[in-house]
Each structure stands twice: as structure tokens, then as C-alpha cells.
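For reference, the chains in residue letters:
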Amino acid sequence: MISRAVCEAVLQKAASTGADYAEIFAEHSLDHSINMVGGSVESVNDTVIAGVGIRVYKGLRSVMATTTDTSESGLLRCAAQAAEALGQGTAQIEIVLRERLYGDIHPVKIVPATVPNKEKVDVLKEGVFAAKEYSDAIKQVTGTLLDIDHNILIANSDGVYAQDRQIRTRLMVTAVAEKNGETQTGAARPGRRMGMEMFEHEVNAKEAGIHAAKQAITMAGASYCKAGVMPVAIGNGFGGVIFHEACGHSLEASSVAYGMSEFTGKLGQQIANPKVTAIDDGTIPNAWGSINVDDEGTPAQKNVLIENGILKSYMIDKMGGRRMGMAPTGNARRQSYAFTTTSRMTNTYIAEGTDNNDDIIASMEYGLFAKEMGGGSVNPVTGAFNFAVNEGYIVRNGKICEPVRGAALVGKGSEVIQNIDMVGTNLDMGQGMCGSSSGSIPTNVGQPLIRVSSITVGGR
Amino acid sequence: MNFDSFKEAVVRAAKAQGIEEYELYYQAGESVSVSVFKHEINEFSSNVNGGVCFRCIVGGHMGYASTEDLSEASAQDVVRRAADNAGILETQEQEFLVEGGQTYHPLELHPYELPTTDKLVETVLAGEKAVYDADPAVIDGSSASARTNKRTVAIFNSKGLDLHYENNSSVFSAEAVVSNGQEMANAFKMEAGSFDKLDLAEFVKEPVEDAKSQLGADVAPTGAYPVVFAPKAMASMLRTFAAIFSSESTQRGLSQLGGKEGETIAAEIVTLIDDPFYPESGTPINFDAEGSPAVTKKVVENGKLCTLLYNLKTAAAAGVKTTGNAAKASYNSAVTVQPFTMYLAPGDITEEELLKKAGNGVYINSLGGMHAGANVISGDFSLQSAGFMIENGVKTKAVKSFTVAGNFYSLLKQITAISDKVELPGFGGITAFGAPAVLVEGLTIAGK
């Protein structure tokens, strides 16, 4: 994209007023999605994102400038703007870039951008029609086949000059079922950091459609969940969103470094039930949230966050690391050049435990089995969170009974991880888009079946 | 190249590729933002962004392609990709481009000089100080930030349309983090508009008081109560469920209001208005994302659904005229339907009188987790809330960590009183939502 020599000149300019760190993030990306509503292809989104973000640091001060003018003169102008905003001073650092090849631990066999639209439509239709034809109760189906092809370049005053190509593919099917005039939805959204070969062995489009339809029908027949405090078993895969929201965000440097996290200053302390080991791993081959190198040029890592309940590590970007006096952990991410990088999750999950899955359900006299979770949000300062339960069942005398809708799990991160008292053995991952100050990025959440001994269930 | 040269390149490329009906939509922005942490400027950013969306009707279908790369090669590429994308579409609805030469509501653009970078820095430093000075419970982590934005939108099409719009805006926000030694709480406030009118000491009172009230707050008791939504909480409900008023949602079976125009869908006291020129919105605009004239309309009047919101395509499918509500989430998004400033019209009683009417209930000051706890299609919601108990018609002790649950379609009918003052929480975008305080009967609170 941009030559090493040009990057050196631009970084030199950016650091000319006394910065102690300077960085270029350049990207040329293709985002492509085909959308179906009902049985027909309704729209195609097809965008080239191209621009550059230049950042400079001096101590704890950070400045960013962005531009879509990627000519050498455009980049130098942008660098000069960043340098000027940083303040007045003289150059303190020397820029010498050495090209690095991090390799690719996420091989792609079929680059989506080279697959004709028509072939993509065939795959999408397989998913959508599987949902549509599942039952007469299915009143509407929407589907999206998304592929993203991000070419990024990172050059910084630590000497890094590296490029990466991040290719991701995802199928999303949402089904709407109607029973007695009430509508409910069900969804499946599998994705991987791979190309169209995802549909050869990893993801079956038809199964995704059927999953969405079944869930919608189950929920349309359900009565409202009664509110109360009770034990809750949370299903594997996307159930991990509870850890992602309630604890993961509070372990990001963007919260911890600013004292805005309930886990600030707690390294080495018991913060969770000894049953809980939690990991953020950007190196899982071809996983949705995986990277080769983060958006500041740090290689991806596997970070054990919590081991047997003890806090072992945070997720740290360069600026967070400066504030905390700690090294970056390969978690610096941004949606695009237009966002300021910060510490984010990659693939974050609760590791497998030793409890038998059947024992977990059998242990509950009266409670909720949240088989599939929906989205959630958290306030990192207080740890207060709220999650929707997309598919839930009442558990009575150790048996899974009738489905219930409209349930939400409400609580506080630091409390809920103390209350995870059983951890099963069926670890799986679910895909999501995580929104935060550096934009919307692909992340995996995951866990085996777990039990929370007591939590507030919102319903009516 | 600049937009005008790119436009010419696109016209040439379209001609060369035999495309006759097309539109080029351009959106560009320049923003500067500054934030402060522990009394020092910690982040400064200056962003230039922008892109174009080319769309064209080929074989009766509208294909789209977008790019941020404004070069000659990119102009040819974007035209080719859009035509290619049109080739796989299967929609039955007819596609339209707006005819040129229409009449637009005259826009009174208030001459609005953006604050300089120095002024931004000065304001955030003073704003953060005001937060610390407001109360001894305020701790580090409290912050302030300010942002200016210049926005340009242009639409050009093969039917003689050539519109252009520029708007300046600025936003100030402050976050208060407080502690009582045992626990922390925070609250945030944002306001768009000129910094000259900003009284910082006054501005920070609300977030500081909101945060403080949450310290030591109890969990609300579970039960069914009369619930009062604060104006900002009601505005956030409207934002969350606004899609039910979209004809695109009804035509796709994703809203239950399809075919209900003329019917009663809300309590008689409910009137809902969409106004592109609402005085406090900060971003008045006189054309929509297709270039149709933007107009003010009553969506609901005295409980009756007057009209859904339409763009050209959905209006043609329904056999009505567009309401000028075509919208794009971003320059590269497909045209959809959105309100401009949608607000619940004020009633005739004060908020104090509204509380008296509630008697004993719960006052919801803030809502969270909207994307998780609300199902826009079914209307069901179960939302994380914080607020106060209402006892004998007055707000008493603070409560938190509870959910309020119900169904939005039912809620519209369960509104029994509306206060007399609309608030428009600042978001600074083209789409904004406002509401007075409302009293709703029959919602469920889940707490302890």
C-alpha cells in the first residue's frame, strides 16, 4: 500500500514536535453484503473503505488525525496536523522501519471478493429458504451474507512496518414466527475468519436457517417469564456473552487504566469462583475474532485473564499500557482508520470445567435454563449488566420444562462471576459484533454450559 | 480529486457503460474532538472522512456501490460494481429517482460559527473542573469532552437533481463518577449547540446529581406499578421503537402497524410529530436522502395513526405519496426510512402534577441495554433501569438494578398522562427523539 520510505517520512513529520511515539494505520477494505427479505434478494451493500489514521503520543497525551487523501502529500499534511496538535517542540525520536512478516495463521482458500454474486446468493438462499419452509408459522425471514476483506498496514516508531489481510465471512438468518397474533424471532449468525470455504465444512447454511426457525416457533408459543431471583443455567456458545459484557469489558485497559473498572488493582486476587478460568485468545486459527497482528502492530496472543478464579491479566493497548506500566497484550483494535484504537477483546471464553452437563440441570430445583442468550450491555464503572434471553426454559425439579419469553438477566459483573458455581464440558463459541469507543469489531464469545447459583431474572 | 471532478468522472463512466438512470450521493465530514482526564487534555483528534455512494437502475433494480477513494479508476469501478450488484436483485417494487426542480422548505440556517480548537480545549478543561467542583463525592474518572463537526451532503442524479447541504454542529458532554467509599456510580450528559450559551456549573448538576443518587440506592421491589418515564428515558424508548412507524418495517412484516393508518393505536392524549425543522435539533435539513422535500407531519394525532413514514419506493408500493423520510445510516447504506426529529407532543400538566397523579410508583430516570432488552419486532421490552420510588406523589428514595418490562404497542395505549415540557437529549445527528415525562399504567418492575 504505502512504501516503507514514505511511511518513514510521514512518521518523521508526525513526530517532529516532540512525540515519543508515532504510528500510521492505513487500510483499503472491501465490505460486501447481500441482503434478503422474504424470499427475494433485496439489496447489496458494497463499499470500499480507504484511508489513513496517524497517531502521536507524548507521555499520556494522544493525538489522532485521519485522512482519505492517501497520496504522499496528503499523508504529510495529515502528519503535520497531528504534530501541530500535539504541541510545540523538537523531534525526540528517530524513525527506522524494518519490515516484519508475521505470517498468516488464518489461511483462506476462497477469497470472497473473487466469488461471483450469484454463487453467494445460492448459499444465502439455502439458509433463508430452510427457515421459510420449516413451518407455516414462519411469517418472515431475513438473511444476510457478509464478507469483509480488510487490507491493513501498520508502521510505527517502534520500528514496525507490517501488513495483514483480514478476511471474514458470516451468514445471518432471522426468522419471525407468529402464533395467536403474537410474533417472536429466532436467529442464527455463524461466522469465521475465513473465506467462502466456510460453507464446505464449518457452517451449514441450511442448519442455520432451521435453527432460526425452530427458535422463533418455540418462543412464539411461550408465555412470559416470571420475574424473580433464581439459579440460572446458561447454555454454551453465545452464552459466553455474559462473561464478555459483565467481566471482559471491565478487564480492558480502556476501563482499568482510568480507574473505571471494578477490577482495577486486583491482579493476583480471587475475583471469581475457583471454578472459573477465562481466556482471551486472538490466535485461534480461523476464529471470527482472531487476528495475526493487532491494529498497533503487536502480534496476537493467548492471554489467560482469570485462572481458577484468580485475576491474572488485563487486555492492554499501548496507551493503556503506559498508564498502567504494563506491556501491550495484542488487543489493540479499531473498526477502521477513522476510529482511535483502544484495548478490545478477540475470542473471549470461559474454559471447560469438570461438571457433567446433565448434573448442572439436575441440580436446579426451580430456575431458568437460558439456552441461548441475546445481546447485552454493561456499565464498566458499576459492573451493572443486562442481557436478553433469546431462548429460555423453566427448570423444575431438575428437568427442563416449558419455554418462556421476555426474560432478561440483570446483575453486577463482580458478583455474577463469584456465583458461577458449576462449569460444564461442552465449550463452544458464538459470533458477535462488539461496539465500543473504537467502533464495531468482530469478536467471539464462548463457554460451556454453566450454572449461576443466584441472579435476578427480569420478566413480568 | 474533489467531489466535482469525481462527479464528472462518474457521469463519463456511466455513459460509457450505458447506464442512464443513476444517482451519486456524497457525504463528507470534518470533525475535531478533545477530551480531558485528570485535568489534562488526554485525547485530541481531527478527522476528515467522506465517501460517495453510486446507485443505478438496471433491469428495473437499484444496485449500489460505494467508495471513499475518489479517483478516476475508482469512478469506473464503482459504476461497474453497482450495475453488477443490480443484476442479482429480485425485488418486485418499482425503483425511483427523484425528479429535479421540486420546491423545498426554505431553511433558516442560523449563522453558526464553530468553536475554535482553543475554545474546545478551554471548555473541556473548565467543564471537567466544574464536575469536580460540584460535589466532594466526585472522583477521578470524571471527564468532559467536546466535538465540532462540519457535514456536507450532496445528491446529484440523472433526472436533473443537484442538491447540496452544509451544516456545522458542536457537542459538549460531561461524565461524573462519584464514590461513597463503598461503591461507585456514574452519569453522563450531552448537549448539542453553541458553547456560548453553555453554563458549565449548571450543566454538570444533572450528571453529578444523577450519579450521586445511585450511591447506596436500593434495588426496587418487584411488582406492577404506575411508572413515570423521565423525558430522556421516554425519548430513548421512542428511539428504540421508532422503526415500528416505518413503512419499510410494515411492508416487510416487521411492524404490527401495517394497515392501521386511520386506526387508534395509542391513548387519546398521544400525539407524535416528525419535524425536520425542530428548533432545537441543531441539524435542520430540507431534503431527505433521496432528495425529496422534507416536511413536518403528525404521525399520531390524539391516539390515531395518521401516517407511517415513507420513502419513494415504499410510498409507491402502498399507493401513497412519500413523506420525505428516505434516510441513510451512512453514505454507503441503502436508502431506508427514518424520522428526522420525532417527538411526543407535550401535555398540559407539570411534571409535579404528573407525579401526584402517579401516587405510589416508580420514576425511571435512565434506561440501559436497549439493544439487548428490547425486541423491536414483537414490541417486548425488559430494560435495565435506575430511578426513584414515588411515594404519595413525590420522588423519594433512589432505586437501581431493576428492569421495567412491557410491550411498546401496549405502552402507547397505557399512557395516562403527559407533562408539558419536551426534552431533546443531544445526540447531534440528523435523527433525534424528544419527549416530555409520561405516566404509564401497568408495567412490571423486577428487582428484589
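Residues numbered from 1 in each chain as written. Chains lettered and ligands numbered in written order. Predicted model: local features only at pLDDT ≥ 70, side-chain atom pairs only at ≥ 80, totals over all residues. Heavy atoms only, no water.

A.B. asks: A description of the side chain of D294(A) should follow, citing residues and the corresponding values.
C.D. replies: Residues and elements named next belong to chain A. You can see D294 is positioned in the loop between β11 (278–281) and β12 (302–307). For D294, the side chain forms a polar contact with the main-chain nitrogen of A332, separated by 3.0 Å. Residues in contact with D294, not counting those within four places in the same chain, are I154, G330, N331 and A332. (Helix = DSSP H or I, 4+ residues; strand = E, 2+ residues; numbered from the N terminus. Polar contact = N/O pair within 3.5 Å; in protein donor to acceptor, adjacent residues only side chain to side chain. Contact = heavy atoms within 4.5 Å.)

A.B. asks: Could you give an account of unusual backbone geometry, naming the residues involved and the relevant values?
C.D. replies: Residues and elements named next belong to chain A. Even without glycine at this site, N286 takes up a positive phi of about 60°. Topologically, N286 is positioned in the loop between β11 and β12. The residue N308 is not glycine, and still its phi comes out positive at about 45°. By the element assignment, N308 lies in the loop between β12 and β13 (310–311). Looking at N308, the relative accessible area reads 45%, which means it is partly exposed. (Buried < 20%, exposed > 50% of the residue type's maximum accessible area, 1.4 Å probe, protein only.)

A.B. asks: Tell me what's going on with the domain arrangement of chain A, and back it up with residues and numbers.
C.D. replies: All names here are of chain A. Along its sequence, chain A is organised into domain 1 (112–151 + 165–220) and domain 2 (228–458). Look at where the C-alpha atoms of domain 1 and domain 2 centre, and you get two points 25 Å apart. In this assembly, 20 residues from domain 1 lie in contact with 23 residues from domain 2. For the domain 1 and domain 2 pair, buried surface summed over both sides reaches about 1600 Å², with 44% attributable to carbon and sulfur atoms. When residues of domain 1 are sorted by the area they lose upon contact with domain 2, R168, R193 and M219 head the list and together hold 36% of the total. Taken together, the connections running from domain 1 to domain 2 amount to one salt bridge. Across the domain 1-domain 2 interface, the total number found is ten residue pairs in polar contact (both at pLDDT 80 or more). Only β5 (138–156), β6 (160–179), β7 (182–188), β8 (191–192) and α5 (205–220) provide two or more residues apiece to the side of domain 1 that touches domain 2. Tallied by class, residues from the side of domain 1 that touches domain 2 come to six nonpolar, eight polar and six charged. (Domains from an automatic or database assignment. Buried area = accessible area lost by both parts, 1.4 Å probe. Salt bridge = Lys/Arg side-chain N within 4 Å of Asp/Glu carboxyl O. Nonpolar A, V, L, I, M, F, W, Y, C, P; charged D, E, K, R; others polar.)

A.B. asks: If you had to explain the domain arrangement of chain B to someone new, which residues and values would you point to?
C.D. replies: All names here are of chain B. Along its sequence, chain B is organised into domain 1 (117–149 + 169–216) and domain 2 (223–446). If you average the C-alpha positions of domain 1 and of domain 2, the two centres end up 27 Å apart. Tallying the contact residues gives nine residues for domain 1 and eleven residues for domain 2. Interface of domain 1 and domain 2: buried area, both sides summed, is about 780 Å²; carbon and sulfur atoms make up 43% of it. The largest contributions to the domain 1 side of the interface with domain 2 come from M190, S213 and Q214, which together make up 51% of the buried area. Our count for the domain 1 to domain 2 interface comes out at three salt bridges. Linking D210 and K232 is a salt bridge whose minimum nitrogen-to-oxygen distance equals 2.7 Å. The interface formed by domain 1 and domain 2 contains five residue pairs in polar contact (both at pLDDT 80 or more). Elements supplying a minimum of two residues to the side of domain 1 that touches domain 2: β6 (184–192) and α4 (200–214). Ranked by the residues each element gives to the side of domain 1 that touches domain 2, the list is headed by α4, at four residues. Classifying every residue of the side of domain 1 that touches domain 2 gives three nonpolar, two polar and four charged.

A.B. asks: Report on the sheet that holds strand β16 (residues 347–350) of chain A, specifying residues and quantitative values.
C.D. replies: Strands belonging to one sheet form pairs held by backbone hydrogen bonds; the direction of such a pair is parallel or antiparallel. Residues and elements named next belong to chain A. Taken in spatial order, the six strands of this open sheet run β13-β12-β11-β16-β23-β22, and their pairing is mixed. The sheet is open, and its two borders are formed by β13 and β22 (428–436), each paired with just one other strand. Of the strand pairs in this sheet, β16 and strand β23 (residues 439–447) are connected by three bridges, and their pairing is parallel. Paired with N347 across the two strands is N444, which belongs to β23. The strands touched by helix α6 (residues 241–248) are β11, β12, β16, β22 and β23; relative to β23, the strand with the most contacts, the crossing angle is about 120°. (Pairing = 2+ DSSP bridges. Axes fitted to C-alpha atoms, helices over the stretch in contact; angles between N-to-C directions.)

A.B. asks: Summarise the packing of aromatic side chains; cite the residues concerned and give the values.
C.D. replies: Following the criterion strictly, the structure yields 13 aromatic pairs over all chains and no others. Seen in terms of ring centroids, Y258(A) and F37(B) are 4.6 Å apart; in terms of plane orientation they differ by 75°. Their pairing is edge-to-face. In this pair, Y258(A) sits in the loop between α7 (253–256) and β11 while F37(B) sits in strand β1 (residues 22–37), so the two residues belong to two different chains. Neither Y258(A) nor F37(B) differs from the other in exposure class; each is buried. Ring centres of F3(B) and Y26(B) lie 4.2 Å apart, and the angle between their planes is 15°; on these two criteria the pair is classed as stacked. Highlighted residues: F3(B) in helix α1 (residues 3–16) and Y26(B) in strand β1, separated in sequence by 23 residues. Like Y26(B), F3(B) is buried. An aromatic cluster is built from F172(B), F195(B) and F203(B), whose rings are joined through pairwise contacts. (Phe/Tyr/Trp six-rings, centres within 6.5 Å; stacked < 30°, edge-to-face > 60°.)

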